[in-house]
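# Commentary on secondary and tertiary structure
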Amino acid sequence: MECTADTVALLWMGRQLPLSPGHFTVSCFYYTIWNFIPKNLFEQFRRIANFYFLIIFLVQLMIDTPTSPVTSGLPLFFVITVTAIKQGYEDWLRHKADNEVNGAPVFVVRSGSLVQTRSKNVRVGDIVRVAKDETFPADLVLLSSDRAEGTCHITTASLDGETNLKTHFAVPETAVSQTVSKLESLQAVVECQQPEADLYRFVGRITVSLQGEEIVRPLGPENLLLRGARLKNTKEIFGVAVYTGMESKMALNYKCKSQKRSAVEKSMNTFLIIYLGILLLEAVLSTILKYAWQSERKWDEPFYNEKTEQEKNSSKILQFISDFLAFLVLYNFIIPISLYVTVEMQKFLGSFFIGWDLDLYHVESDQKAQVNTSDLNEELGQVEYVFTDKTGTLTENEMQFRECSINGVKFQEINGKLVPEGVTDDSPDGYMPHLVRVLLHQTCTLSSCFFTGEEELFLKAVSLCHTVQINYDQTDGPRDTFLQANGVSDPVEYYASSPDEKALVEATRRMGVTFVGNNGENMEIKTFGRSEKYKLLHVLEFDANRRRMSVILQTPSGEKVLFTKGAESSIFPHARSGEVDKTRVHVDEFALKGLRTLVVACRRFSAGEYEEVDRRLHEARTALQQREERLAEVFSFIERDLELLGATGVEDRLQEKVQETIEALRLAGIKVWVLTGDKHETAVSVSLSCGHFHRTMNILELVQQKSDSECAEQLRRLARRIREDHVIQHGLVVDGTSLSLALRQHERLFMEVCRSCSAVLCCRMAPLQKAKVVRLIKTSPEKPITLAIGDGANDVSMIQEANVGIGIMGKEGRQAVRNSDYAIARFKFLAKLLLVHGHFYYIRIATLVQYFFYKNVCFITPQFLYQFFCLFSQQTLYDSVYLTLYNICFTSLPVLVYSLFEQLVHPHVLQSKPALYRDISKNALLSFKPFLYWTLQGFSHAFVFFFGSYILMGEDTSLMGNGQMFGNWTFGTLVFTVMVITVTLKLALETHYWTWMNHFVTWGSIAFYFIFSLFYGGIIWPFLHTQDMYFVFVQLLSSGSAWFAIIIVVVTCLFPDVVKKVLYRHLRPTSTQKSQVIEAYPGTSCLDSACCFSEGKSGFAWLGRLVERTMSRCDLARVTSLYVIFYTSEQHLFIPSVGTPPNPTPFLVLSAVRNSSMQW
């Protein structure tokens, strides 16, 4: 057979291949000690804000600018350092984990003896010994084990999370080499494919030289022991290393997930561009005004500042550019560099709250919520579509056998016995009359006489057609059914890769056909106490295309027989005998009950037929080229002309509170789509039972479409039907085949139908189809935020495709969890994760972003206004130390603590009222309108800071008691002091949930500013070249007029904001604000008016009189009847009060502003 070098690797066992050592170590780190600084700096300066401040810093170094380079360099250094420390620490943890893996001790066969070495020293071609409960240091081809048949059991929990025992095999020629001496003398060559990431695919062959004869054996996944898997129930094994280090399958599955960006990050970038435009506008305007002002000679060259010859002869263009850059540097703090490091700290620290939440902790499995990425916390509060898997996500993935169909007769299990449908079994002994039972028990052994030949054959097929393993550490064999009938539990413990297989084997055991074990060559069962051994000839493994698996056995009588089971769509077309029509009806009935169905069939081979089957299987399995295609062809040849035996129905019950969770998501305005691989009837039944579909919902179907034209016509009919009926809610059912047709040419029409439906169910879906559906919605014109949740490897693609991916820690492995952004133990936890944590994270970070831009507008705008009073000479208003510390020290901690602890509403209220989620949907708090409000408020406050201080001290600067005058540094310090106090109190007004930490950082920040300024300006610091602020702050605080100015300016800034909040809460209250009043006053029904409280009426009487005097248009007749307003979830009910006050006085009706420090 010809093999190309790019597809085949050749190795001689026992010989090390001369490859570089880097091939044999696992490395997950990103940096080394040598490249950390340049590589990390490169990564950080790829961010626009960091690169912008680097340019500003370099400009300050190159030209004469009004501010010191320290003002830009120090904040930039702080941000870069904090980020580098965080990333360096995370990479150090990866280095530490790599060293533990690469340094693990390993025994290899060298020079005729076992030699201990480290995992990183294992080379391709080394023969490795692995003992029980040890992990495999590389991908090994199994050569032998301590068992004579050369089998071993492993668990791959660390790879795919499956805890079941899997059996792997050695070829017979190497299985006898169980000692080091025999292995040393073994001559063999392994040919295999080049390394690839697929854990379940391996193509190779081994050529063993025995007595001058070369024997070729195929190698497949059943012969390969993957690195990271663990040896179980086997004393020791020997294997040859074929893939090591980063070429092992486990290492090849280390891949960087696609970078997901949240809506908040996109909004931040948009705001950054807008503020960059404002910065450029201010710099250009200032430069133009400077030259316009200097057009008069007396201002261009005053007598006290004559130009030098070099300045007179310099280029006007270069001077203009230099002035523009100087103004750019002067105003550059309008771009908040510290915003990014604060956001990163908020996301990193805030993510711990999810893991600490005891409501997200699952006691039974001892699993807490897990955060794999903290970059998407706020995205949990913006979800509009949820795409969920069914099995293991909505259901428990714990299978229980319920019903079966045998030869056209339907049976159900009652008290461990198979009972025909319609017959009750009220007594423990069965359904037959007592006299008949006694006679039968006198003449028959156990219950074998209760079954016909067809029924017994069906039970044998189910008990033999599987890959179930038994934990030999716990049992020597099963107990018979007499002990089961007496209530004694059976100690046999089965392990299966599929919960369905385990449920079926356990069911046949309860009915008297017990699977005893599989030693690799023989499968043993006990049929009503009689032991029977079947020789296992071939296993035709399950695959997603065939949707079935088969075994070929030799019966005790020598007959060759095939047993197969699979989906009804993969068995019925190949059935040539048996009760096909009746079984098909029964399968549909099982599916309508929500049961998972499997169809069972068999085929008997003649001697000639089996010889051809064996030959074709051997040829396909030893092929190195196109092995999968050739095997699929052979399997199709074998699995035909089947005799239908029956079908099984297994129940997968719903998880706890699934229905309540889906209803809560629906009330929150989130659309739920179920994407499953189950058949149509089963999926619809489960959707109805879990509340995804309502019984009153009109269910539309797009299934079994055969062509594009047929699919398009059905879509038009559905769209027309939806348009004609506006009242009834619609649900849509789509199967995989029809979906492929719809997405091919009719994507827009399909989207129109889907958006008009309240719920969508997609069945018979392949994993890639799930991802396509998610991508279809995510990339639609509305760009909604999507969330995908699943528990299996088949859900990984849609989890990675969605904006937010959530893995369920279920029974189908950990692949979904490893590839997700968040992981939870049960579907019911999704409600709190979105409605509570998502709500909190979003309002916190949205306010953080808006507040950062607001306080920087307040910071820089007075600097811009000051230029009009200093002839645009680029004189700075603030001291350089204040410029540097404003964002780092004076105003950073309050907003960080706010962004960690703020709660607008109690978590219980958010869970009980899912509709509150709608208040923050569609990025409501970071839309253009709130951004414009915060920006304009920043400019207005800045104008009040500057002109308020100017008016109070601009005309008469001798505000000291001794007549001493204030200077420009005192004026700038006054503006800065007012600004620090105002922006801090502004955040205090936004704070709803006060903790001791909020109080500490809010009042502590103001106190720290005063204390720092006193020390900074009250001492002569020897390391400073100039100290313009010496005694300035002390002088300022000694003036009563300055204190008066501070109080007046702060109140002038914040009072309109307070009035606006009060009026808006009364006139246009949001659902969140109404809930705040309920939370604050749980015993009240009136939610709008302060008049509903006795304290409120008396407390606001003075305000009412003021309104009466100032508003002459007030019609007293309109307010003589008071109204009590009750709110429901749907509408407002206005109920007039019975009494009318004798002297009605109109007064302003105000809503309560709940605050822990404010009471009525």
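Keep in mind the model is a prediction, meaning the values are calculated, not measured. Chains are numbered independently. Their residues run from 1 in the order of the written sequence. Totals for whole chains, interfaces and linings use all residues, but because this is a predicted model, local features are given only for residues with pLDDT of at least 70 and pairs of side-chain atoms are given and counted only at 80 or more. Where side-chain values are given, they derive from all heavy atoms of the structure, hydrogens and water being excluded.

### Thoughts on the overall build of the chain
Strands are runs of DSSP state E lasting at least 2 residues, helices are runs of H or I lasting at least 4, and numbering of each runs from the N terminus. Each helix and strand in the chain was counted, giving 41 helices and 37 strands. Considering the chain as a whole, with its 1160 residues, one finds that 52% of them fall into the buried category. Residue burial considers only the protein chains on display, and all accessible areas are found by Shrake-Rupley using a 1.4 Å probe. Of the accessible surface of the chain, which amounts to about 52800 Å², a share of 57% is contributed by carbon and sulfur atoms. Exposure categories follow from relative accessible area, calculated using a 1.4 Å probe and restricted to protein chains: below 20% of the type maximum is buried, above 50% is exposed, and the middle band is partly exposed.

### Remarks on the side chain of Ser 687
Within the secondary structure layout, Ser 687 lies in helix 23 (residues 680-689). When its relative accessible area of 2% is taken as the criterion, Ser 687 is described as buried. Residue contacts for Ser 687: discarding those within four places in its chain leaves His 692, Phe 693 and Leu 761. Residue contacts are counted whenever heavy atoms from the two residues lie within 4.5 Å of one another.

### Quick notes on unusual backbone geometry
Even without a glycine there, the phi angle at Gln 874 is positive, about 65°. When you line up the elements, Gln 874 lands in the loop between helix 30 (829-866) and helix 31 (880-890). For Lys 922, which is not a glycine, the phi torsion comes out positive at approximately 55°. Inspection of the secondary structure assignment puts Lys 922 in the loop between helix 33 (907-912) and helix 34 (928-953).

### A closer look at the sheet that holds strand 32 (residues 759-763)
Spatially, the nine strands line up as an open sheet ordered 14-35-34-33-15-29-32-31-30, and their pairing is mixed. Each edge of the open sheet is held by one strand with a lone partner, namely strand 14 (370-371) and strand 30 (698-702). Here, strands pair whenever DSSP counts at least two bridges between them. Bridge analysis of strand 33 (residues 785-790) against strand 34 (residues 804-808) gives four bridges, and the strand direction is parallel. Directly across from Gly 790, in strand 34, lies its bridge partner Gly 807. Helix axes use the C-alpha atoms of the stretch in contact, all axes being lines fitted to C-alpha atoms, and the angles between their N-to-C directions lie in the range 0 to 180 degrees. Most of the contacts of helix 26 (residues 747-755) go to strand 31 (residues 730-735), to which it runs at about 140°, and overall it touches strand 15 (383-388), strand 29 (671-675), strand 30, strand 31 and strand 32.

### What about the packing of helix 30 against helix 35 (residues 968-990)?
Orientation of helix 30 relative to helix 35, taken along the N-to-C sense of each, is 160°, at an axis distance of 11 Å. Classified by the angle their axes make, helix 30 and helix 35 are roughly antiparallel. The handedness of the crossing between helix 30 and helix 35 is right-handed. Touching Tyr 851, Tyr 854, Lys 855, Cys 858, Phe 859, Pro 862 and Tyr 866 of helix 30 are Asn 968, Phe 971, Val 975, Phe 976, Met 979, Thr 982, Val 983, Thr 984, Lys 986 and Leu 987, all from helix 35. Here the angle decides the label: under 35 degrees means roughly parallel, over 145 means roughly antiparallel, 65 to 115 means roughly perpendicular, and every other value means oblique. Here is the rule for handedness: rotate from the far helix to the near one, and if that takes an anticlockwise turn smaller than a right angle the crossing is left-handed, while a clockwise turn gives right-handed.

### Structural notes on the nonpolar core
Residues Val 849, Phe 859, Tyr 878, Phe 976 and Met 979 are the most contacted members of the largest nonpolar core, which totals 93 residues. Here this core gets 19 residues from one element, more than from any other, and that element is helix 30. Residue types Ala, Val, Leu, Ile, Met, Phe, Trp, Tyr and Cys, when buried and joined through side-chain atoms within 4.5 Å, form a set referred to as a nonpolar core. Counting 46 residues, the second-largest nonpolar core is a separate cluster that includes Leu 360, Ile 670, Val 684 and Cys 763.

### Re a nonpolar patch on the surface
On the surface, Val 284, Ile 288, Ile 317, Leu 318, Phe 320 and Ile 321 cluster together into a nonpolar patch covering about 550 Å² of accessible area. Only helix 8 (263-293) and helix 11 (316-331) provide two or more residues apiece to the nonpolar patch. The greatest single-element share of the nonpolar patch, amounting to four residues, is contributed by helix 11. Along the polypeptide, Ile 317 turns up in helix 11. Ile 317 sits in the exposed class, given a relative accessible area of 61%. Here, patches come from residues exposed beyond 30% relative accessible area and free of salt bridges, joined within 9 Å for like charges and within 5 Å for nonpolar side chains (Val, Leu, Ile, Met, Phe, Trp, Tyr). For this analysis, a salt bridge means a side-chain nitrogen from Lys or Arg found within 4 Å of a carboxyl oxygen belonging to Asp or Glu.

### Things to note about the packing of aromatic side chains
Each Phe, Tyr or Trp ring (for Trp, its six-membered ring) is paired with any other whose centre lies within 6.5 Å, and the angle between the two planes then decides the class: stacked below 30 degrees, edge-to-face above 60, tilted in between. Evaluated as defined, the whole model comprises 49 aromatic pairs. Relative to Phe 947, the ring of Phe 946 has its centre 5.2 Å away and its plane inclined at 85°; by these criteria the two rings are edge-to-face. Given the relative accessible area of 1%, Phe 946 is considered buried. One cation-aromatic arrangement involves Arg 584 over Phe 572; the distance from NZ or CZ to the ring centre is 4.7 Å. Here, over-ring charges are defined by two tests on the NZ atom of lysine or the CZ atom of arginine: distance to the ring centre within 6 Å, and angle to the ring normal within 35 degrees. Taking the ring centre of Phe 852 as reference, the NZ or CZ of Lys 855 above it sits at 4.3 Å.

### Some details on the pairing of strand 30
Along any regular strand the residues' side chains alternate between the sheet's two faces. Only one face of strand 30 is covered, namely the face carrying Asn 698, Leu 700 and Leu 702; the face carrying Ile 699 and Glu 701 is uncovered. One ladder, built from five bridges, connects strand 30 with strand 31; its direction is parallel. Among the inter-strand pairings, Asn 698 is bridged to a residue of strand 31, identified as His 730.

### Notes on the confidence of the model for the chain
Interpretation of the predicted coordinates at a detailed level should be avoided for regions scoring low in pLDDT. Summarising the model, the chain shows a mean pLDDT of 78, and 79% of its residues fall at 70 or more. Confidence drops under a pLDDT of 50 for residues 1084-1100, and excluding neighbours within four residues, the segment shows 36 contacts in the predicted structure. Note that residues 1106-1160 has pLDDT below 50 and, in this model, 86 contacts with residues that lie over four places away or in other chains. Each residue carries a pLDDT score, the predictor's own confidence in it, on a scale running from 0 to 100.

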